[in-house]
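# Structure at a glance
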Amino acid sequence: MSLDKMLKKLSVRSPWLFRINAGSCNGCDVELATTACIPRYDVERFGCRYCGSPRHADIVLITGPLTTKVRDRVLRVWDEIPDPKVTVAVGICPISGGVFREGYSIEGPISRYIPVDVNVPGCPPRPQAILEAVVLARSIWMKKLGVEA
Amino acid sequence: MDTLFAVLHMCIFPGGVFALTLGFFFKALDRRVEARLQRRVGPPLSQPWLDMAKLLTKETLIPKTACRPAFLLAPIFGFTGMAVCAAFIPVPGVFDGLFNMGDLLVLFYLLPIPAMAIMLGGSASSSPFGAVGFSREMLMMLAYETPLLMILLAVAMLVGKGLHGGDWGAEFSLLKIVSWQQHTGSLGFNPVMIPAFLAYLIFLPGTMGVLPFDIPEAETEIIEGPLLEYGGPLLALFQVTSALKTFVVLGLGVALFFPGTISEWWPVNLLWFMLKCLGLMLLSLTLVKSATGRFRIDQAFRFYVTVPTGLALCSLILVWVI
Ligand code: SF4
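Since this is a predicted model, take the numbers as computed values, not measurements.

### Regarding the overall build of chain B
A tally of regular secondary structure across chain B gives 13 helices and zero strands. When its helices and strands are written in sequence order, chain B yields α-α-α-α-α-α-α-α-α-α-α-α-α. Computed over its C-alpha atoms, the radius of gyration of chain B comes to 20 Å, within 12% of the 20 Å expected for a compact globule of 322 residues. For chain B, the spread of C-alpha atoms along the three principal axes comes to 60 × 45 × 45 Å. Sequence separation of 24 or more characterises 78% of the internal contacts of chain B that already satisfy a separation of 6 or more.

### Here's the deal with the pattern of salt bridges
A full pass over the atoms with the stated rule returns 15 salt bridges over all chains. The partner of K58 of chain B in a salt bridge is D58 of chain A, and the shortest N-O contact between them spans 2.7 Å. Pair noted here: K58 of chain B is in the loop between α3 (47–57) and α4 (68–87) and D58 of chain A is in the loop between β2 (49–50) and β3 (59–63), and the two residues belong to different chains. Accessibility classification places K58 of chain B together with D58 of chain A in one group, the buried group. With a closest N to O distance of 3.3 Å, R71 of chain A and D72 of chain A form a salt bridge. The class of R71 of chain A is partly exposed, set by a relative accessible area of 24%.

### Considering the sheet that holds β2 of chain A
Residue and element names in this part refer to chain A. The strand order across the open sheet formed by five strands is β2-β1-β3-β4-β5, and the pairing between neighbours is parallel. Unpaired on one side and paired on the other, β2 and β5 (118–120) mark the two borders of the sheet. Inspection of the sheet shows strand β4 (residues 86–90) paired to β5 by three bridges, in the parallel sense. Bridged to V90 within β5 is V120.

### Here we look at helix α2 (residues 16–37) of chain B
In this model, α2 of chain B (22 residues) spans 31 Å end to end at C-alpha, consistent with the 32 Å of a helix rising 1.5 Å per residue. Positive phi shows up at R39 of chain B, right after α2 of chain B, with a value of about 60 degrees.

### Quick word on the pairing of strand β1 (residues 16–21) of chain A
Two faces, one strand: in a regular strand the side chains alternate between the faces of the sheet. Sheet topology note: the β1 of chain A/β2 of chain A ladder contains two bridges and is parallel. By the bridge assignment, W16 of chain A is partnered in β2 of chain A with R49 of chain A.

### Here we look at the interface of chain B and chain A
Contacts between the two partners involve 32 residues from chain B, matched on the other side by 29 residues from chain A. At the boundary of chain B with chain A, the tally comes to five salt bridges. Here D42 of chain A makes a salt bridge to R40 of chain B, at a shortest N to O gap of 3.3 Å. Between the two partners, chain B and chain A, sit 16 residue pairs in polar contact (both at pLDDT 80 or more). Considering each element in turn, the side of chain B that touches chain A owes the most residues, eight residues, to α3 of chain B. Classifying every residue of the side of chain B that touches chain A by side-chain character gives 15 nonpolar, seven polar and 10 charged.

### Structural notes on the packing of helix α7 (residues 128–163) of chain B against helix α13 (residues 297–321) of chain B
All names here are of chain B. For the pair α7 and α13, the least separation of the axes is 9 Å and the interaxial angle reads 10 degrees. Comparing their axes, α13 and α7 come out roughly parallel. Its residues assigned to classes, the contact of α7 with α13 shows 22 nonpolar, three polar and two charged.

### Thoughts on the site of the ligand
Taken together, the residues surrounding the ligand are S24, C25, G27, C28, G91, I92, C93, V99, F100, G122, C123 and P124 of chain A. Taken together, the residues of the shell around the ligand break down into eight nonpolar, four polar and no charged.

### Side note on a nonpolar patch on the surface
Nonpolar side chains collect at one region of the surface, where L313, I317, L318, W320, V321 and I322 of chain B lie side by side and expose about 630 Å² of accessible area between them. Position of L318 of chain B among the secondary structure elements: in helix α13.

### Quick notes on the side chain of S290 of chain B
Residues and elements named next belong to chain B. Among the structural elements, S290 can be located in helix α12 (residues 266–291). Judged by relative accessible area, S290 falls into the buried class, the value being 18%. Within polar-contact distance, the side chain of S290 engages the backbone oxygen of L287 at 3.2 Å. If we skip the residues at most four places from it in the chain, S290 touches E34, L37 and Q38.

### Section: the confidence of the model for chain B
Looking at chain B as a whole, the pLDDT averages 82, with 96% of positions reaching at least 70. Across the interfaces of the predicted complex, the ipTM metric reaches 0.80, alongside a pTM of 0.86.

### As for the packing of aromatic side chains
Residue and element names in this part refer to chain B. On inspection of all chains with the given rule, the structure shows 17 aromatic pairs over all chains. Relative to F26, the ring of F25 lies with its centre 6.2 Å away and its plane at 40 degrees, an arrangement referred to as tilted. We classify F25 as partly exposed; its relative accessible area is 37%. Where F303 meets Y304, the ring centres are 5.7 Å apart and the plane angle is 80 degrees; that geometry is what we call edge-to-face. What makes F303 partly exposed here is its relative accessible area of 25%.

Cut-off values and rules
- Starting from 1, residues in each chain are numbered consecutively following that chain's sequence as written.
- Lettering for chains starts from A, numbering for ligands starts from 1, and both go in the order in which the items are written.
- Where local features are concerned, this predicted model is filtered to residues with pLDDT of at least 70; where side-chain atom pairs are given and counted, the filter is 80 or more; whole-chain, interface and lining totals use all residues.
- Only hydrogens and water are set aside when side-chain values are computed; all heavy atoms of the structure are taken into account.
- The helix and strand labels rest on DSSP assignments: H or I over at least four residues marks a helix, E over at least two residues marks a strand, and numbering proceeds from the N terminus.
- The reference for a compact globule is 2.2 Å times residues^0.38; the radius of gyration itself is calculated from the C-alpha atoms.
- Note on contacts: a residue pair is in contact if any heavy atoms of the two residues lie within 4.5 Å.
- Whenever a carboxyl oxygen of Asp or Glu lies within 4 Å of a side-chain nitrogen of Lys or Arg, that contact is scored as a salt bridge.
- When a residue's accessible area, from a 1.4 Å probe over protein chains only, is under 20% of the maximum for its type it is buried; when over 50% it is exposed; and in between it is partly exposed.
- At least two DSSP bridges between two strands are needed for those strands to be called paired.
- A helix is expected to reach a length of 1.5 Å times the quantity of its residues less one.
- Between N or O atoms, a polar contact is any pair within 3.5 Å; within protein, one atom must be a potential hydrogen donor and the other a potential acceptor, and residues adjacent in sequence are included only when both atoms are from side chains.
- Residue classes follow a fixed rule: Ala, Val, Leu, Ile, Met, Phe, Trp, Tyr, Cys and Pro count as nonpolar, while Asp, Glu, Lys and Arg count as charged, and any other residue, Gly among them, counts as polar.
- Axis lines are fitted to C-alpha atoms, over the contacting stretch for helices. Their N-to-C directions set the angle, which ranges from 0 to 180 degrees.
- Angles below 35 degrees are treated as roughly parallel, those above 145 as roughly antiparallel, those between 65 and 115 as roughly perpendicular, and all remaining angles as oblique.
- Any residue with a non-hydrogen atom lying within 4 Å of a molecule or strand is treated as near it.
- Exposure above 30% relative accessible area and no salt bridge define the residues that can form patches, which grow by joining like charges within 9 Å and nonpolar side chains of Val, Leu, Ile, Met, Phe, Trp and Tyr within 5 Å.
- All accessibility values rest on the Shrake-Rupley procedure with a 1.4 Å probe; residue burial counts only the protein chains present in the view.
- On a scale of 0 to 100, pLDDT captures the predictor's confidence in every residue.
- In this analysis, rings of Phe, Tyr and Trp, with Trp reduced to its six-membered ring, are considered paired at centre separations within 6.5 Å, and the interplanar angle assigns stacked below 30 degrees, edge-to-face beyond 60, and tilted for intermediate values.

Given below as structure tokens:
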């Protein structure tokens, strides 16, 4: 196995997570920032780490229905993330608009603008579902890198 | 021949490979112990290496408005400084450090290099967050370098007094400091030096930039500040530097305060050295980090110029008077 391939294979064991809040009610953000880190559901055991800068991110977690105000900013931040990246839509909001659906200021669903790799429905989703999404995102990332599990 | 040995020491032991392995091991253990303290599982011990592999496969983005040469050179600058520094650290009973070059003053000049590299990178990245991080890093540096200088002076003066009898003179050679303590007992047990040791414990989280003093790279306020624009291999270099720095500051702490050995056989001494470093790390970094939040920059500055500086000054005056 070549060195490059080996590095790629190892690399998926260190996914750094980045959160984008696209106008969410904060319910999903609380689930991501705290509940997914508490003892029972610890994401750090997969090697994950929340990072502050989009430049360091591998997996982006987007919450919220994409309001008119934040649309361009979300797209810009998303563009700043180096490839290969995996996009996860957390909560029902980015998938369909959820409770905010048909609101006058809602631009979503998010898949209109950004290719979404994993959807996690729920309002807010259960922590187990978020963890499963991260694991799924890892395998999609591996596919993007072109290596087999 | 001497140069060859110096280079070998810098690349393999105690600098280079050895320091990096140990530094990464400590970093992983730090995260793991922190997770266990919060009743989580925590990442595997190989995590820093995996992060490294990941960062090497990512693309490097350089901002258009950045000052390219400075932006690219900053991580290399920091890394070189620490790589040289690591070779000066004596491992008691195994290796004396590059004693013909390394003394406390050289270390004192080399230690701030990673912080300066971060400052350089931050200001070259042309991001406003980098600029904020730059000014915070500079303030922190001013704050924690003062107690460090006093601690080093206190140790040097005490050893100088012990070595040269009554006449007043400081001894800055690390080798002599270590060997004097091996004969007369560790300074960490000397009541006069206990305030200085406490000050060193407080100095550690500041210089390593971990909670509660990770103000320059606060990811929730200024999204990692100076490191914001770095990614891929360049960021990996910053992480390597940080791991080397962990080794350097812990090793320096052991050399200054607890350089005792327990056997004639070097592998045992090596293990003993690592255990001491580990104890120092758990006490001053991990425990504090897992239980605290972040200070504001003005609070941290005030804290550093009062508490640790006061403690170190205490020791300094005691050494002088007694
Ligand atoms: S999915 Fe529900 S909890 Fe999550 S942001 Fe939307 S409304 Fe809030």
